[in-house]
Amino acid sequence: KSKLTESLRADNQKTQAKNAAKAKVQQAKKPLEDAIKSIPAKEKAIEVAEKAARDAQAKEAQLNGGISEAKQALDAADEAIAKEKEAKLEEKKRQAEAAI
């Protein structure tokens, strides 16, 4: 009778040890499973951030292009003003020569 009791007790301890081991495995798997589940959300966040960066670069290029065009227009205006001044000086010079 005592051998049977000891055998049952040993089986019970083995079962408890197996169950404890299973529980530990499940506990260890939980953070990994959670991390795996969060990957798509993180990937989506990265995609959104990359798109925002591309959009910002495109806007910057657009602004730089606008600035370049504005500089060209100012340069052209400066050149036109300089030519007009030069023409006025030439006209005054002719008038002065004609007066002599």
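In the block above lies the structure referred to throughout.
Presented here is an overview of the structure given in this document. Computed from a predicted model, the values in this text were never measured in an experiment. (Residues numbered from 1 in each chain as written. Predicted model: local features only at pLDDT ≥ 70, side-chain atom pairs only at ≥ 80, totals over all residues. Heavy atoms only, no water.)

Some words on the overall build of the chain
- Along the chain, the regular secondary structure elements total one helix and zero strands.
- In terms of overall dimensions, the chain is more spread out than a globule: its C-alpha atoms have a radius of gyration of 43 Å, far above the 13 Å expected for 100 residues.
- Reported as C-alpha extents along the three principal axes, the dimensions of the chain are approximately 145 × 15 × 5 Å.
- By the burial criterion, 0% of the 100 residues in the chain qualify as buried.
- Total accessible area computed for the chain in this model is approximately 9400 Å², and 59% of it derives from carbon and sulfur atoms.
- On the chain, the mean spot of the 22 positive side-chain charges and the mean spot of the 18 negative ones are 20 Å from each other. (Helix = DSSP H or I, 4+ residues; strand = E, 2+ residues; numbered from the N terminus. Rg over C-alpha atoms; globule rule 2.2 N^0.38 Å. Buried < 20%, exposed > 50% of the residue type's maximum accessible area, 1.4 Å probe, protein only. Areas by Shrake-Rupley, 256 points an atom, 1.4 Å probe, with all protein chains shown as cover. Lys, Arg positive; Asp, Glu negative; His and termini not counted. Charge placed at Lys NZ, Arg CZ, Asp CG, Glu CD.)

Description of the pattern of salt bridges
- Evaluated as defined, the whole model comprises four salt bridges.
- Between Lys51 and Asp55 there is a salt bridge; the shortest N-O distance is 3.0 Å. Of this pair, Lys51 and Asp55 are both found in helix α1 (residues 2-99), four residues apart, which corresponds to roughly one turn of the helix.
- Note on Lys51: relative accessible area 45%, which makes it partly exposed.
- Judged by its relative accessible area of 39%, Asp55 is partly exposed.
- Put simply, Lys88 and Glu84 hold a salt bridge, and the shortest N to O gap is 3.6 Å. With Lys88 and Glu84 both in helix α1 and four residues apart, the pair spans about one turn of that helix.
- Overall, the relative accessible area of 47% leaves Glu84 in the partly exposed class. (Salt bridge = Lys/Arg side-chain N within 4 Å of Asp/Glu carboxyl O.)

What about α1?
- If you check α1, its first and last C-alpha atoms are 143 Å apart, about what 98 residues at 1.5 Å a residue would give, namely 146 Å.
- Of all the bends in α1, the greatest reaches close to 35 degrees and is centred on Ile39; the proline Pro40 follows between one and four positions later. (Expected span 1.5 Å × (residues − 1). Bend = angle between axes of the 7 residues up to and from the residue.)

Re a nonpolar patch on the surface
- A surface patch of nonpolar side chains, about 280 Å² in accessible area, is lined by Leu32, Ile36 and Ile39.
- Residue placement: Ile39 occurs in helix α1.
- Accessibility expressed as a relative area gives 40% for Ile39, which makes it partly exposed. (Patch = residues over 30% accessible without salt bridge, like charges linked within 9 Å, V, L, I, M, F, W, Y side chains within 5 Å.)

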